[in-house]
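# Fold and contact review
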Amino acid sequence: MLTVESLTKVYGRAEQSGGGIRDASFSLQPGAFFTLLGPSGCGKTTTLRCIAGLERPDDGAIRIGETSVFDARRRIHVAMNERGIGMVFQSYAIWPHMTVFENVAFPLKAMRGVSLGREEIRRRVDDSLRRVNLRDYGQRNATMLSGGEQQRVAFARAIVGEPKLLLLDEPLSNLDAGLREEMRTELLRLQREIGITTVYVTHDQTEALTLSDRIAVVDRGRILQIGPPTEIYLRPQSEFVARFVGSTNILYGKAAEPGSPSSAGESRVLRVEVGLEKPLGCIAPAGIGRNGEAAVSVRPEAIDIELTADAKSPSANLNELAGEIAATTFMGVNLRYDVRVADRMVCVITPPRRVFSIGDKVVLRFAFESAVAVPPEQRQ
């Protein structure tokens, strides 16, 4: 349904100046929910605006279905209102002088080369409002709506023209936490009900993980990794992805065995010296640094914790670290422990089945497959 090939849009002349997106490529099947995830200024919104036709790329190609809407080499650039897309902006862009019905109907009246009758417009608007649970809101003034209701109006307006592609630019960022969670569920229901291919932009990892079929993690104008949410979270291919998507512990070290660590994979256990009593057993799906240097990512919730006095015999398939509780934080459904292991701190997140105290001597255990070695970022 959507193909993006070598998309480039750079603001400024220098490689690292001005932001934008460089050499981005991906393709989406019909009905997919695809998220561009990254920090502010990474290029995700630029990518979305290029797909929409709001920005003219410097290079690359974009196809929606079988239609080429941009191709730098063939000098094709189709206007936004001829691309068959719906879009929801971060600010919703609801016109305050119009009723809800008029806001939703506007795209139908503005479509180039298409003239719909009054009854057809009413049918489509009523159907769109029904889908977003605003059936009886048509004659309300747009200024009398709550933030969540305005967002629903923006969704209804985006789908009323029965677009092939839906583009969402951080549509939940202006809502409070409770309403944001509610609208996540509502948005996913709506997308699955309609079956529309969706491209979603956010910096919120929770949104990306809960909504998406696939995620593209973007940083400094480059797509670093594309994959399903579980792969992005559990098998990061770079230190940035490991750090940005959720929380993690990073332990720096070097491969403890000869050979070619860059060819390590899912099935091979790699031993990495991280300055502790024993090397860590880990996997390296994307390989590690050229000189055997590695950043080992271990998610806090993957670590089991118990008192040293109660510790069972070590297992051959588990990493084991001895430490001392340095801090505890109650997080509601979970407890966070900051554990001092040698000269570093390791974060552990666990359900509050058993509470440990500051100063307790503990043993941390985690499986080899829960420790993912990736190439370390260049540190200044």
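Our subject is the structure listed above.
About the cut-offs
Residues numbered from 1 in each chain as written. Predicted model: local features only at pLDDT ≥ 70, side-chain atom pairs only at ≥ 80, totals over all residues. Heavy atoms only, no water. Disulfide = S-S within 2.5 Å. Buried < 20%, exposed > 50% of the residue type's maximum accessible area, 1.4 Å probe, protein only. Core = buried A, V, L, I, M, F, W, Y, C linked by side-chain atoms within 4.5 Å. Helix = DSSP H or I, 4+ residues; strand = E, 2+ residues; numbered from the N terminus. Contact = heavy atoms within 4.5 Å. Phe/Tyr/Trp six-rings, centres within 6.5 Å; stacked < 30°, edge-to-face > 60°. Lys NZ or Arg CZ within 6 Å of the ring centre and 35° of its normal.

## Considerations on the state of the cysteines
Counted according to the given criterion, the structure contains 0 disulfides. The closest cysteine sulfur to the non-disulfide-bonded Cys-50 is located on Cys-42, 13 Å from its own sulfur. The cysteine Cys-282 is free of any disulfide, with Cys-347 supplying the nearest cysteine sulfur at 19 Å. Taking the relative accessible area as the measure of exposure, Cys-282 reaches 0% and is therefore buried.

## Let's talk about the nonpolar core
Counting residues in hydrophobic clusters, the biggest one holds 35 residues, and the most contacted among them are Val-104, Val-125 and Phe-155. The set of elements that each furnish at least two residues to this core consists of helix H2 (100-110), helix H3 (118-131), helix H4 (147-159), strand E8 (165-169) and helix H5 (177-194). If you tally residues by element for this core, the top one is H4, at 6 residues. Each residue touching Phe-155, except ones within four places of it in the same chain, is listed here: Val-88, Val-132, Leu-168, Pro-171, Met-183, Leu-187 and Leu-190. Judged by nonpolar contacts, the second largest core, of 29 residues, contains Ile-305, Phe-356, Val-362 and Leu-364.

## Some points on the packing of aromatic side chains
Tallied over the full model, the rule gives 5 aromatic pairs. Here Trp-95 and Phe-106 contribute two aromatic rings whose centre-to-centre distance is 4.6 Å and whose plane-to-plane angle is 50 degrees, an arrangement assigned as tilted. Here Trp-95 is found in the loop between strand E7 (85-88) and H2, whereas its partner Phe-106 is found in helix H2, with 11 residues between them in sequence. Judged by relative accessible area, Trp-95 falls into the partly exposed class, the value being 30%. For the ring pair Phe-240 and Phe-244, a centre distance of 5.4 Å and an interplane angle of 10 degrees mean the geometry is stacked. Taken as a pair, Phe-240 and Phe-244 lie in helix H8 (residues 239-244) at a separation of 4 residues, close to a single helical turn. Residue Phe-240 shares its accessibility class with Phe-244, and that shared class is buried. A cation sits over an aromatic face here: Arg-140 above Tyr-137, 4.0 Å from the ring centre.

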